[in-house]
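In case you want the letters, here they are:
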Amino acid sequence: MSGFARPFRIRNYRFQWPADLLTSWAFEMETLVLGWYVMVETGSVLLLTVLASLNYVGTLIAPMFGVIGDRIGHRDLLAMMRATYAVLSATLMTLALTGHLTPSYVMIIVSVMGLIRPSDLGVRAALVADVMPSELLIGAISISRTTQDTARIAGALSGAGLFAALGIGPVYVAIMSLYLVGTFLTLCIKLPKKARAAVVGEAFALRSPFGDLKEGLAHVWTTPQVRAAMWVAFLVNLTAFPLTSGLLPYVAREIYATDQTGLGYLSASFATGSLAGSMALSFVTGLRVARLMIGATAVWYATLLVFVQLKSVPIAMACLFLAGFSQSLSMISVAVILMRSVAERLRGRVMGVRMMVIYGLPLGLLAAGSLIDLFGFAMTGTLYALSGMALMLAIALHWRADLWPVHAAANAR
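Residues numbered from 1 in each chain as written. Predicted model: local features only at pLDDT ≥ 70, side-chain atom pairs only at ≥ 80, totals over all residues. Heavy atoms only, no water.

Visitor: Describe in detail the environment of Leu287, supporting the description with residues and values.
Guide: As for its position among the elements, Leu287 is in the loop between α14 (260-282) and α15 (289-307). Distance in space between the C-alpha atoms of Leu287 and Asn411 is 7.5 Å, their sequence separation being 124 residues. (Helix = DSSP H or I, 4+ residues; strand = E, 2+ residues; numbered from the N terminus.)

Visitor: Account for the side chain of Gln225, with residues named and values stated.
Guide: Position of Gln225 among the secondary structure elements: in helix α11 (residues 224-239). The exposure class of Gln225 is buried, given its relative accessible area of 10%. Here Gln225 is in contact with Ile337, Ser341, Asp402, Leu403, Ala409 and Ala410, once residues within four sequence places are set aside. (Buried < 20%, exposed > 50% of the residue type's maximum accessible area, 1.4 Å probe, protein only. Contact = heavy atoms within 4.5 Å.)

Visitor: Before we move on, could you go through the nonpolar core and cite the residues and values that matter?
Guide: In this structure, Val106, Ile168, Trp300, Phe307 and Phe377 are the most contacted members of the largest nonpolar core, which totals 132 residues. Per-element accounting of this core gives the leading share, 15 residues, to helix α1 (residues 11-42). When neighbours within four sequence positions are excluded, Trp300 is seen to be in contact with Val236, Ala240, Phe241, Phe270, Ala323, Ser326, Gln327, Ser330 and Met331. (Core = buried A, V, L, I, M, F, W, Y, C linked by side-chain atoms within 4.5 Å.)

Visitor: Give a description of unusual backbone geometry that names residues and reports values.
Guide: For Ala257, which is not a glycine, the phi torsion comes out positive at approximately 50°. Assignment of secondary structure puts Ala257 in the loop between α13 (248-255) and α14.

Visitor: How would you sum up the pattern of salt bridges? Please name residues and give values.
Guide: Enumeration over the complete set of coordinates arrives at 6 salt bridges. Across the salt bridge formed by Asp120 and Arg124, the nearest N and O atoms sit 2.7 Å from each other. Linking Asp120 with Arg124, this pair stays in helix α6 (residues 120-131), spanning 4 residues, or about one helical turn. No difference in accessibility class separates Asp120 from Arg124, as the two residues are buried. A salt bridge links Glu254 to Arg253, with the shortest nitrogen-to-oxygen separation between them at 3.6 Å. For Glu254, a relative accessible area of 43% puts it in the partly exposed group. Where salt bridges share partners, they join Asp20, Arg82, Asp120 and Arg124 into one cluster. (Salt bridge = Lys/Arg side-chain N within 4 Å of Asp/Glu carboxyl O.)

Visitor: Explain the packing of aromatic side chains to me, using residue names and the numbers behind them.
Guide: The tally for this structure, following the rule as stated, stands at 9 aromatic pairs. Ring geometry for Phe8 and Tyr13: centres 5.2 Å apart, planes at 70°, overall edge-to-face. With a relative accessible area of 1%, Tyr13 lands in the buried category. Here the aromatic rings of Tyr85 and Tyr179 are separated by 5.4 Å at their centres, their planes lie at 50°, and the arrangement is tilted. Of this pair, Tyr85 sits in helix α4 (residues 74-97) while Tyr179 sits in helix α8 (residues 168-187); the two residues are 94 residues apart in sequence, bridging distant segments of the chain. As far as burial versus exposure is concerned, Tyr85 and Tyr179 are alike and both buried. Counting every residue linked through ring pairs, the aromatic cluster contains Phe8, Tyr13 and Trp17. The ring of Trp404 is capped by Arg291, whose NZ or CZ atom sits 4.5 Å from the centre of that ring. (Phe/Tyr/Trp six-rings, centres within 6.5 Å; stacked < 30°, edge-to-face > 60°. Lys NZ or Arg CZ within 6 Å of the ring centre and 35° of its normal.)

Visitor: Explain the packing of helix α3 (residues 62-72) against α4 to me, using residue names and the numbers behind them.
Guide: Packing of α3 against α4 leaves a shortest axis separation of 6 Å and a crossing angle of 125°. Looking at the two axes, α3 sits oblique to α4. Counted together, Phe65, Ile68, Gly69, Asp70 and Ile72 of α3 and His74, Asp76, Leu77, Met80 and Met81 of α4 form the full contact between these two elements. In the contact of α3 with α4, the residues fall into 6 nonpolar, 2 polar and 2 charged. (Axes fitted to C-alpha atoms, helices over the stretch in contact; angles between N-to-C directions. Parallel < 35°, antiparallel > 145°, perpendicular 65-115°, else oblique. Nonpolar A, V, L, I, M, F, W, Y, C, P; charged D, E, K, R; others polar.)

Visitor: Help me get a handle on helix α5 (residues 103-116), residues and values and all.
Guide: In a regular helix each residue adds 1.5 Å, so 14 residues correspond to 20 Å; α5 covers 20 Å between its end C-alpha atoms and thus fits that length. Listed in full, the buried residues belonging to α5 are Val106, Met107, Ile109, Val110, Met113, Gly114 and Ile116. Tucked into the core, α5 has its buried residues touching α1, α2 (45-54), α3, α4, α6 and α8. (Expected span 1.5 Å × (residues − 1).)

The values reported here are purely geometric and, on their own, carry no functional implication.
Written out as structure tokens, the structure is:
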């Protein structure tokens with residue numbers, strides 16, 4: 001059986017993968033549609049970066065979602081989160097179809113969703129680790145990332161096409177439907193007996209949730225390879241992701257003078273590269289993942305440095321493909337290091353901390369919005385790429401004994 005197909009031998013994975021896929025499709029359609037809506041309605045890059053930042057306000061409370069997941073079960077928590085997405089998208093759909101939608105309503109509803117949504121990736125990663133044998137973990141995590149990558153392709157292109165052809169109301173009918181089906185498939189997952197026993201034991205333990213949170217934070221702080229991976233994750237969210245996520249509507253409209261279809265192509269190019277990286281890793285075994293994390297992150301920043309100088313859409317699409325490929329290798333490496341370095345009972349909390357470091361993304365977006373107004377996109381992007389590469393190399397040097405040697409725990413095969 002091929003490396004790609006092996007994780008699908010596990011029944012629960014056959015439900016989780018499509019559930020994650022549909023949810024990710026809805027995420028990407030929603031991000032693109034609302035970003036374009038706010039950019040067109042307001043014409044403000046600052047408000048665009050504020051909107052993108054609101055999607056991540058919940059990163060600061062993500063560790064508490066990890067605590068809840070460790071107590072009630074990652075599947076149940078994920079299903080409740082996705083049901084909430086469906087309710088919020090139904091609200092936006094109703095406002096759009098009745099002609100009452102405004103940028104202010106969008107900001108309010110995105111703020112509410114932003115409290116929950118950042119924890120989705122962490123909880124789904126913990127659930128993958130719950131249901132998969134350890135020998136299939138790298139392949140399962142790599143294939144799991146294809147749900148995000150294909151969503152960025154299909155979600156971006158279909159969202160842009162539907163928005164251009166039908167308007168925002170009908171697009172939200174599709175988005176709400178995707179959330180509902182994703183919730184149903186999540187509920188079809190059956191937690192393994194050992195995982196259920198761990199959840200029940202934890203739930204009835206006479207311990208404070210804050211005590212659980214403290215234990216998870218202590219584990220992150222005292223495990224060198226975990227701390228290094230967290231710093232890398234924070235850094236790329238601060239200085240790399242803003243250039244290819246929340247700022248893309250601005251780049252498409254102001255730098256390349258294209259419409260929402262052109263925006264869809266740019267977003268899909270990055271996602272196609274990311275999908276290629278995820279697929280490549282699903283077929284490879286025995287990798288030294290910490291070394292891969294360092295190398296892939298360096299290449300990612302190098303491609304971004306080129307991207308921010310470009311003025312041609314076709315060349316920019318090729319550069320975004322390479323950035324997406326290296327980004328995928330980097331982020332999968334981070335996830336594998338974290339999942340291999342923590343005990344099963346701590347996975348939710350550690351992944352909650354991992355989601356908390358995504359707070360670097362809204363900080364990077366807000367700073368970029370102000371810097372672009374002052375210095376322009378090319379100068380701001382160059383500053384982000386160069387500073388990110390320098391700090392990433394500093395992390396690699398500081399934790400070189402824990403990340404580079406072949407016998408280091410982070411490089412275990």
